[in-house]
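What the coordinates show
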Amino acid sequence: QQRTVVYQYRRDALEGENSVYGLVRDFICQTVEDVAAFHCPRRTIGAGEFQKVVHALHQITGLPTHVIEQSGCNKTDSEALIKDLSNYLLEQYDLYRGRGDQDMVRQAEKWLLLEIIDQSWKQHMLNIDHLKEGISFRSWGNKNPLIEYKREAFDMFKEMMAGIRLDVVRHIFHLNAERFNQQELEAKRERELEAIRMVSSETTTDSEPEIRSGPKVGRNDVCPCGSGRKYKKCCEK
């Protein structure tokens, strides 16, 4: 089920401009919800809670705190705040997309999405393997290892997805599409793959058995070393 969700995100990123654009917009809105839910657990917002939300979004997007504060967002109701901040950041995202070369921006966003999703999924698979290795010890505490495994794996998945959304939004607002070089990045990936192939080839070569170049020597034959003794009493030892 987790793989299905992640692969759907990858397909959306691969399908084209509209899919990437919609995915990034969804990530922006969900990230605002995550930040607001963490700092404002109640419907009514305090002054300190609002400042924490603004500071968190400043760290993510790089937008100045005073600019976010003056965006006209609601400062007392959490649901209204989420809606106002989401609309504001979506406007800022559209402004960013309109400034650079459109084709270059699309390619940069597509590569960025795939890179973050793939790296996060690989790390999640490693974390799942580590969880499997130690989950059996939960039975010592009168807990069902299978139930504990499913629960913790789901929690880890939710953390991974939140991390993907956060990383995408952070990089999108700091992305300099003019410096994006797809050919250079693809060449770097190819070099990494070639290095892996070389290591694999060396390992295979080292593990291959030695092939005898001459005829097989019988145990009772004269030893080929020239000693005049039988092979079984000379070099075979």
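Scroll up a little and you will see the structure.
These figures come from a predicted structure and were not determined experimentally.

**Digging into the overall build of the chain**
Looking only at helices and strands, one finds 8 helices and 0 strands in the chain. Ordered by position from the N terminus, the helices and strands of the chain form the series α-α-α-α-α-α-α-α. Split by element, the accessible area of the chain, about 15600 Å² in all, is 51% carbon and sulfur.

**Observations concerning the packing of aromatic side chains**
Applying the stated rule across the entire model yields 3 aromatic pairs. Grouping aromatic residues by their ring pairs yields a cluster made of Tyr21, Tyr93 and Tyr96.

**Comments concerning helix H5 (residues 78-99)**
In this model, H5 (22 residues) spans 32 Å end to end at C-alpha, consistent with the 32 Å of a helix rising 1.5 Å per residue. With a side-chain oxygen positioned 3.1 Å from the backbone nitrogen of glutamate 79, the residue opening H5 is aspartate 77.

**Focus on the environment of leucine 23**
Residue placement: leucine 23 occurs in helix H2 (residues 17-39). A relative accessible area of 5% places leucine 23 in the buried class. Leucine 23 sits 14 residues away from tyrosine 9 along the chain, and the two C-alpha atoms are 8.0 Å apart. In this structure, leucine 23 is in contact with Tyr9, Asp12 and Leu113, ignoring residues within four places of it in sequence.

**Points about the pattern of salt bridges**
Counted by the stated rule, this structure contains 12 salt bridges. The closest approach of N and O atoms between arginine 10 and aspartate 118, which form a salt bridge, is 2.6 Å. Remark: aspartate 118 occurs in helix H6 (residues 102-134) and arginine 10 occurs in helix H1 (residues 2-15); sequence separation between them is 108 residues. We note a salt bridge from arginine 151 to aspartate 155, for which the minimum N-O separation is 3.7 Å.

Parameters at a glance
- Residues numbered from 1 in each chain as written.
- Predicted model: local features only at pLDDT ≥ 70, side-chain atom pairs only at ≥ 80, totals over all residues.
- Heavy atoms only, no water.
- Helix = DSSP H or I, 4+ residues; strand = E, 2+ residues; numbered from the N terminus.
- Areas by Shrake-Rupley, 256 points an atom, 1.4 Å probe, with all protein chains shown as cover.
- Phe/Tyr/Trp six-rings, centres within 6.5 Å; stacked < 30°, edge-to-face > 60°.
- Expected span 1.5 Å × (residues − 1).
- Polar contact = N/O pair within 3.5 Å; in protein donor to acceptor, adjacent residues only side chain to side chain.
- Buried < 20%, exposed > 50% of the residue type's maximum accessible area, 1.4 Å probe, protein only.
- Contact = heavy atoms within 4.5 Å.
- Salt bridge = Lys/Arg side-chain N within 4 Å of Asp/Glu carboxyl O.

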